[in-house]
Amino acid sequence: MYDQYPIHDVPQNNLIQRFFSQRWSAIALEIVMTIVITVAAGAAFDFFDPLDGSLATSANSAQPAAGLLEIGESRNRNPLAFIKEKGGAYIEERRFAAAEAMFDWMIALAPDNADAYSWRGYVNMRAGDYAEAQADYRRLLELQPANFDGHNALCWAYGETRDFAQAAAHCKRALKSAGGRANYAIALENWCWLQVETGDYAEAAKYCRFSLEYASEYEEVRALANYNMGRVYVAQGKMLEALPHFDEALRIGSNYPKMYLEISAIYDTLGYRSAAQASYAIYRDLVGERGAGVGQTNG
């Protein structure tokens, strides 16, 4: 349950806006703007960006074309690694259509590359497209049946679509395959979240506490475990116990927008208007204009 937000369609005012609102038009535009791949026996790989001006000169500029150096370097690099790097950069910029285009491309070049499905699944999770994410992670698990990321992500993705039986099965597999301390903390927190979603608050509280014990150095996990612990107390009518957990979740911070939306609603109900507005402002910043204003809560 990490770094997600829903994407919602909004009315478009003209044909141009409608065109650019389409997923594949955005992808095509990003591809044309960023990369040309020529696949031959030597697997030559060129990169260009016509809008950054690095390959152009003018009467007012005598600087060398820095982009030519990047092209030269890219010829000697693994194309899949280069695409993954660009996709990762787009994720950081929250340009999810562009990121998905990169991983679509990666899969086209290497259909059996498990890493490519893991990355595209992650992009779909970040974009709130949980059905597409489920398909990507199922394919990942076909290639690597014991993959922790695949089971952990499907625990969350199925939980978001309220397919709780499937979610629970993958949560349990994630706990069994976690391995290291960080993965175990993440899997514990996901199980805690799923129990909040299904209303088993005693189980949720137990696993949230376990997660906090294991997650002392993992900030994202600690933020979400505190958030879900707060949700448990709210469900039990224990607002005074809930507030310190919400405060701690906000202090640490998370890339999960719904956390800020739900905490904002709770603060607003309790009359903490300034705190509610501050939390909602972070939510708006994470989801952007298209997602803001749509009242969804989750954990």
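Our subject in this report is the structure included herewith. Note on numbering: residues in each chain are counted from 1, in written sequence order. Local features in a predicted model are, by the rule used here, given only for residues with pLDDT of at least 70; side-chain atom pairs are given and counted only at 80 or more, and totals for whole chains, interfaces and linings are based on all residues. Computation of side-chain values covers all heavy atoms of the structure but excludes hydrogens and water.

**Looking at the packing of aromatic side chains**
Next, step 1: Paired rings are identified among Phe, Tyr and Trp, the last through its six-membered ring, by centres lying within 6.5 Å, and are further divided according to the angle between planes into stacked (under 30 degrees), edge-to-face (over 60) and tilted (the rest). Scanning the entire structure with this criterion turns up eight aromatic pairs.
Next, step 2: Residues Trp156 and Tyr256 carry aromatic rings whose centres are separated by 6.1 Å and whose planes lie at 75° to one another, so their mutual orientation is edge-to-face. Within this pair, whereas Trp156 is found in helix H8 (residues 148-160), its partner Tyr256 is found in the loop between helix H13 (239-252) and helix H14 (257-270), the two being separated by 100 residues in sequence.
Next, step 3: The class for Tyr256 is buried, based on a relative accessible area of 0%.
Next, step 4: A centroid spacing of 5.4 Å and a plane angle of 85° characterise the contact between Tyr207 and Phe210, whose relative ring orientation is edge-to-face. With Tyr207 and Phe210 both in helix H11 (residues 201-214) and three residues apart, the pair spans about one turn of that helix. Runs of H or I in DSSP of at least four residues are treated as helices and runs of E of at least two as strands, each being numbered from the N terminus. Think of it in three bands: with a 1.4 Å probe and only protein chains considered, a residue is buried below 20% of the maximum accessible area for its type, exposed above 50%, and partly exposed in between.

**As for the state of the cysteines**
One covalent bond between the sulfur atoms of two cysteine residues makes up a disulfide.
Next, step 1: Disulfide: a pair of cysteine sulfur atoms within 2.5 Å of each other. Applying the stated criterion to the full structure yields two disulfides.
Next, step 2: Here Cys155 engages in a disulfide with Cys171; their sulfurs sit 1.7 Å apart. A residue pair is termed long-range when its members are at least 10 positions apart, and Cys155 in helix H8 and Cys171 in helix H9 (residues 164-177) qualify at 16 residues. There is no split in this pair, since Cys155 and Cys171 are both buried.
Next, step 3: Two residues share a disulfide in this structure: Cys192 and Cys208, whose sulfurs sit 1.8 Å from each other.

**Considering the pattern of salt bridges**
Next, step 1: Only one rule defines a salt bridge in this text: a Lys or Arg side-chain nitrogen within 4 Å of an Asp or Glu carboxyl oxygen. In total, this model carries 15 salt bridges according to the counting rule given.
Next, step 2: With its nearest N and O atoms 2.9 Å apart, the salt bridge here joins Arg120 to Asp104. Placement of the pair is Arg120 in helix H6 (residues 114-126) and Asp104 in helix H5 (residues 96-109), with a sequence separation of 16 residues.
Next, step 3: Classification of Arg120 as buried rests on a relative accessible area of 18%.
Next, step 4: A relative accessible area of 15% means that Asp104 is categorised as buried.
Next, step 5: With its nearest N and O atoms 3.9 Å apart, the salt bridge here joins Arg222 to Glu248. Taken together, the residues Arg222 in helix H12 (residues 219-235) and Glu248 in helix H13 connect sequence positions 26 residues apart.
Next, step 6: When its relative accessible area of 16% is taken as the criterion, Arg222 is described as buried.
Next, step 7: What you see here is one network of salt bridges that share partners, running through Arg162, Glu197, Arg231 and Glu262.

**A few points about H14**
Next, step 1: For a helix, the expected span equals 1.5 Å multiplied by the residue count minus one. Given a rise of 1.5 Å per residue, 14 residues ought to cover 20 Å, and the 20 Å separating the end C-alpha atoms of H14 matches this to within 8%.
Next, step 2: Counted residue by residue, H14 has 10 buried out of 14 residues, so it is predominantly covered.
Next, step 3: When we look at burial in H14, the residues that qualify are Pro257, Lys258, Met259, Tyr260, Leu261, Glu262, Ile263, Ser264, Ile266 and Tyr267.
Next, step 4: Positioned one or two residues after H14, Gly271 has a phi angle of 90°, which is positive.

**Observations regarding helix H7 (residues 130-143)**
Next, step 1: Helix length check: H7 (14 residues) gives 20 Å between terminal C-alpha atoms against 20 Å at 1.5 Å per residue, within 8%.
Next, step 2: Among all positions of H7, only Tyr130, Ala133, Gln134, Asp136, Tyr137, Leu140 and Leu141 are buried. Axial view of H7: buried residues confined to an arc of 165°, hence all on one face.
Next, step 3: In what follows, a contact means two residues having at least one pair of non-hydrogen atoms within 4.5 Å. On its buried face, H7 is in contact with H6, H8, H9 and H14. What the arc covers is the set of directions going from the helix axis to the C-beta atoms.

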